[in-house]
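Overview (structure and organization)
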Amino acid sequence: MATINGRAKRYDGLPIDYVLLFAWKTGKCLGKSIPGAAGNWSFDYNTNLIVGITYVADGCEPITHGPYEFVLNK
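Below is a short write-up of the structure. Just so it is clear, the structure is predicted and the values come from calculations on it, not from any experiment.

1. Notes on the pattern of salt bridges
Taken as a whole and judged by the stated rule, the model has 1 salt bridge. Across the pair Arg10 and Asp12 runs a salt bridge, and its minimum N-O distance is 2.9 Å.

Given below as structure tokens:
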């Protein structure tokens, strides 16, 4: 198993509401992570992934990045 880590804060320094991770080629939702007070978030995975990551915060437009490729090290 491996982990994707990130940090996401709003323009005013508060953490965003949540992070959505989705399969880039199909759009299928892979999971959601809710950041802590410092904006740190993580997502555990157990297979190779090509993902998009969307950051969502109340009062802000969603921001999507990707595609990112994550390969398990065996």
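Next comes the rest of the account.
2. Focus: the sheet that holds strand β3 (residues 29–33)
Strand order in the open sheet formed by 4 strands is β3-β2-β5-β6, and the pairing between neighbours is antiparallel. Each edge of the open sheet carries a strand with a single partner, namely β3 and β6 (63–70). For this sheet the average axis-to-axis angle between neighbouring strands, irrespective of direction, equals 20°. Across 6 bridges, the pairing between strand β5 (residues 49–56) and β6 is antiparallel. Within β6, the residue paired with Thr54 across the bridge is Thr64.

3. Concerning the side chain of Thr54
Inspection of the secondary structure puts Thr54 in strand β5. One polar contact links Thr54 to Thr64, side chain to side chain, over a distance of 2.8 Å. Once residues within four sequence positions are removed from consideration, Thr54 is found in contact with Tyr18, Val19, Leu20, Phe22, Pro62, Ile63 and Thr64.

4. Focus: unusual backbone geometry
A cis amide bond, omega 0°, links Gly66 with the succeeding residue Pro67. Summarising the element assignment, Pro67 is placed in strand β6.

5. Description of the side chain of Ser33
One can find Ser33 in strand β3. Of note is the side chain of Ser33, whose polar atom sits 2.9 Å from the backbone oxygen of Ser42.

Cut-off values and rules
Residues numbered from 1 in each chain as written. Predicted model: local features only at pLDDT ≥ 70, side-chain atom pairs only at ≥ 80, totals over all residues. Heavy atoms only, no water. Salt bridge = Lys/Arg side-chain N within 4 Å of Asp/Glu carboxyl O. Pairing = 2+ DSSP bridges. Helix = DSSP H or I, 4+ residues; strand = E, 2+ residues; numbered from the N terminus. Axes fitted to C-alpha atoms, helices over the stretch in contact; angles between N-to-C directions. Polar contact = N/O pair within 3.5 Å; in protein donor to acceptor, adjacent residues only side chain to side chain. Contact = heavy atoms within 4.5 Å.

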